[in-house]
Amino acid sequence: MAAVKGIHHVTAIATDPQRNLDFYAGFLGLRFVKRTVNFDDPHTYHFYFGDAVGNPGSIMTFFPWPHARRGRQGTGQVAVTSFAVLPTALGFWIERLIAHGVKYKGPSTRADGEQVLSFTDSDHLMLEIISHPGAEARPAWEKASGISRENAIRGFHSVTLWEEEGDATERVLVDTLGFKPVTTIEATRRFAAGDGGPGTIVDVRTVGGFVSGQPGGGTVHHVAWRVDDERTQLAVRSQVVQAGYEPTPVIDRDYFQSVYFREPGGVLFELATDAPGFAIDEPVEKLGEQLKLPKQYEPHRPVIESVLPPIHLPGSESAARLFADVNGPENVTEAALGFVHRYIPPTADAKLAGNTTLLLLHGTGGDEDNLIWLGRTLLPGVALLSPRGQVNEGGALRFFRRIREGVFDQEDLALRSEQLAQFIEGAAAAYGFDREHLVAVGFSNGANIAASLLLRRPGLVRRAILLSPMIPFEPDPAPDLHGTAVFIGAGRADTMVPAAQTERLAALLRECGVQVHIHWEPGGHTIAHGEIRAVKEWLKRQ
């Protein structure tokens, strides 16, 4: 009987391409081994992540559809995808999950002795990190910033299928694909192929009466099983036919040959060959750097490239090292550069934006997503850089500590301002934007740290939009800020920031040589529509 060797790859559906890339290449530290397009929908990316060369058993792939509705995990799906790490790496991953604000459960110890961390990605796809001594034999991507070889992910551990009734699925795994039963723990039966180590395991969990799965963002599209070569693939395909199922013909996917069929419980299975691999169309050292198209779509490259949303690789290792002395290596990642953040490159049609990059600084309780809408409203298509504040005040994120309402911790403010300044310098190097065209846009606490940057680091930011700001501190001596322009937006009815505070900040900045424009709204501590219109006019003049 011909048999599969274990997991080849798992393909899931994502929404935002950049967030998906940031999570898997940045946070998880997998290598981005291939950027291509969906064979059936060439206006959609197909991302491949894996180890150094994208070995079978390490490959996590995604179709990122920006407007995909959210799916629902349920029966008839691969519900959980689990990665393998060394037992000594589990503590590192706990710290990393905490540092990046990723909610998790565990570590829990299962009946078979495995220690497990459970979490979800940015689209709520269910993931696990499982410690296993067998991970030592698996290769890892050794060049992920902030993740040593000893702590790196070593490919898959297993996948978990949710089934309404598991018996028929189990017969396919054993009688048709060659898996062997391993254990039964309550409603979950484990099967393994090959040597039974990480990357060969499938758990079938019977969850009768649970809702059926619905495809969409945050769900798995299919799981692919490894076969040695095309001869073995045809033999296994013949076994699938003999079992009464209807597999597809062999389909050339450029990097492997594929056969698909749906098992009785509804999960889409694929049989994928190990060869030819991802180095067939670009050298190993350049994997994932350029868009690769199936040959039938190459004549349409200009149109396809114009439709696909812009993406960028997480920041360089050199930029990440810039922050090692500031925050400590545990907070330094490709995606983070010292701060969890989002960077959105400019679009090709950003006519009004020029070379501008907006630095978005959220208020108390916000995060890196909080002001994206504002940046896109102010200058459509502009590049956006949006860091997340690192201070947690009762569950609300801020950029610096305060002693009480309206009274700032000046020592912490000075430290956090310098960290943010170094983040800006590193991000400019990593993403290649011109700091001379950087405009800070801050609301409330974000406006306060932006004002602190102006006063502490003259020339770092020469344009700033401060919405509902306070005086961060009184500098002595006053810095020379000639050549700097600032828009201040404030509300006459703001109970948190008295009008006198706003007037004093404007006066202070003018004393330093800043060209200040104040816009008053009748409301309170908020971003008003009239304020947005005024900012847009001010930006045009700038």
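The rules behind the values
Residues numbered from 1 in each chain as written. Predicted model: local features only at pLDDT ≥ 70, side-chain atom pairs only at ≥ 80, totals over all residues. Heavy atoms only, no water. Helix = DSSP H or I, 4+ residues; strand = E, 2+ residues; numbered from the N terminus. Buried < 20%, exposed > 50% of the residue type's maximum accessible area, 1.4 Å probe, protein only. Polar contact = N/O pair within 3.5 Å; in protein donor to acceptor, adjacent residues only side chain to side chain. Contact = heavy atoms within 4.5 Å. Axes fitted to C-alpha atoms, helices over the stretch in contact; angles between N-to-C directions. Parallel < 35°, antiparallel > 145°, perpendicular 65-115°, else oblique. Nonpolar A, V, L, I, M, F, W, Y, C, P; charged D, E, K, R; others polar. Pairing = 2+ DSSP bridges. Core = buried A, V, L, I, M, F, W, Y, C linked by side-chain atoms within 4.5 Å. Salt bridge = Lys/Arg side-chain N within 4 Å of Asp/Glu carboxyl O.

Caption draft 1: Main features of the side chain of His362. For His362, the location among the structural elements is in the loop between strand S18 (357-361) and helix H8 (372-378). Judged by relative accessible area, which is 1%, His362 ranks as buried. There is a polar contact of 2.9 Å between the side chain of His362 and the backbone nitrogen of Gly389. Setting aside chain neighbours within four positions, we find His362 in contact with Asp367, Glu368, Asn370, Leu371, Pro387, Arg388, Gly389, Leu397, Phe399, Phe443, Asn445 and Gly446.

Caption draft 2: Spatial organisation of the packing of helix H9 (residues 410-431) against helix H10 (residues 445-456). Running from N to C, H9 and H10 cross one another at 80°; their axes reach a closest spacing of 9 Å. When the interaxial angle is binned, H9 and H10 end up roughly perpendicular. Contacts between H9 and H10 involve Gln410, Leu413, Ala414, Arg416, Ser417, Leu420, Ala421 and Ile424 from the first element and Ile449, Ser452, Leu453 and Arg456 from the second. The residue inventory of the contact of H9 with H10, partitioned by class, reads 7 nonpolar, 3 polar and 2 charged.

Caption draft 3: A look at the side chain of Thr502. Positionally, Thr502 belongs in helix H11 (residues 499-511). According to the relative accessible area criterion, Thr502 is buried, its value standing at 1%. In contact with Thr502, not counting residues within four places along its chain, are Pro469, Ile488, Ala490, Val497 and Trp520.

Caption draft 4: Broad picture of unusual backbone geometry. In the segment running from Gly106 into Pro107, the intervening peptide bond is cis, with an omega of 5°. With respect to the helices and strands, the residue Pro107 is situated in strand S6 (residues 104-109). The omega angle of the peptide bond from Ala275 to Pro276 is 10°, so this bond is cis rather than trans. Here Pro276 is to be found in strand S16 (residues 268-276). In this structure, Glu186 is a non-glycine residue whose phi angle is positive, near 55°. Position of Glu186 among the secondary structure elements: in the loop between strand S10 (180-185) and strand S11 (188-192). Relative accessible area serves as the criterion here: at 80%, Glu186 is assigned to the exposed category. The backbone phi angle of Ser444 is positive, close to 55°, even though this residue is not glycine. Structurally, Ser444 can be placed in the loop between strand S24 (438-443) and H10.

Caption draft 5: Structural view of the pairing of S24. Most of S24 sits inside the fold, with 6 of its 6 residues counted as buried. Where burial is concerned, the two faces of S24 agree: the one with Leu438, Ala440 and Gly442 and the one with Val439, Val441 and Phe443 are both buried. Alignment of S18 against S24, held across 5 bridges, turns out to be parallel. When the sheet's bridge partners are listed, Leu361 is paired in S24 with Gly442.

Caption draft 6: Geometry of the nonpolar core. By size, the foremost hydrophobic cluster in this structure holds 69 residues, and its most contacted members are Tyr24, Leu28, Trp93, Leu177, Trp225 and Phe269. Core analysis: the next-biggest nonpolar cluster, separate from the first, contains 47 residues, Leu337, Leu385, Ile449 and Ile488 among them.

Caption draft 7: Region of interest: the sheet that holds strand S2 (residues 31-38). Spatially, the 8 strands line up as an open sheet ordered S2-S3-S4-S1-S13-S16-S15-S14, and their pairing is mixed. Of all strands in the sheet, those with a lone pairing partner are S2 and strand S14 (251-252), marking the two edges. Bridge analysis of strand S13 (residues 219-227) against S16 gives 5 bridges, and the strand direction is parallel. Bridge pairing in S16 places Trp225 opposite Leu271. Here helix H1 (residues 17-27) sits on the sheet in contact with strand S1 (7-14), S2, strand S3 (41-50) and strand S4 (59-64), set at roughly 10° to S3.

Caption draft 8: Representation of the environment of Glu503 in the model. Considering the arrangement of structural elements, one finds Glu503 in helix H11. Through-space distance from the C-alpha of Glu503 to that of Ile518 is 8.7 Å; in sequence the pair is 15 residues apart. Each residue touching Glu503, except ones within four places of it in the same chain, is listed here: Ile518 and Trp520.

Caption draft 9: The environment of Ala528, seen in detail. Topologically, Ala528 is positioned in the loop between strand S27 (515-521) and helix H12 (529-541). Owing to a relative accessible area of 16%, Ala528 belongs among the buried residues under this scheme. A C-alpha to C-alpha distance of 37 Å links Ala528 and Tyr45, two positions 483 residues apart in sequence.

Caption draft 10: How the structure looks around the sheet that holds strand S8 (residues 126-131). Spatial ordering of the open sheet is given by S6-S7-S8-S5-S9-S12-S11-S10, a layout of 8 strands whose pairing is mixed. Bordering the open sheet on either side are S6 and S10, each of which pairs with just one other strand. Strand after strand, the sheet turns through a mean of 25° between neighbouring axes, direction not considered. Examined bridge by bridge, S10 and S11 share 5 bridges and lie antiparallel to one another. Residue pairing for S11: Lys180 is matched across the bridge by Ala192. Packing against the sheet, helix H3 (residues 167-176) makes contact with strand S9 (156-163), S10, S11 and strand S12 (201-206), and its axis sits at approximately 15° to S11.

Caption draft 11: Quick look at the pattern of salt bridges. Using the criterion set out here, one finds 27 salt bridges in the structure. Linking Glu511 and Arg504 is a salt bridge whose minimum nitrogen-to-oxygen distance equals 3.3 Å. Note on Arg504: relative accessible area 29%, which makes it partly exposed. When salt bridges that share partners are traced, they join Lys5, Arg226, Asp228 and Asp274 into one network.

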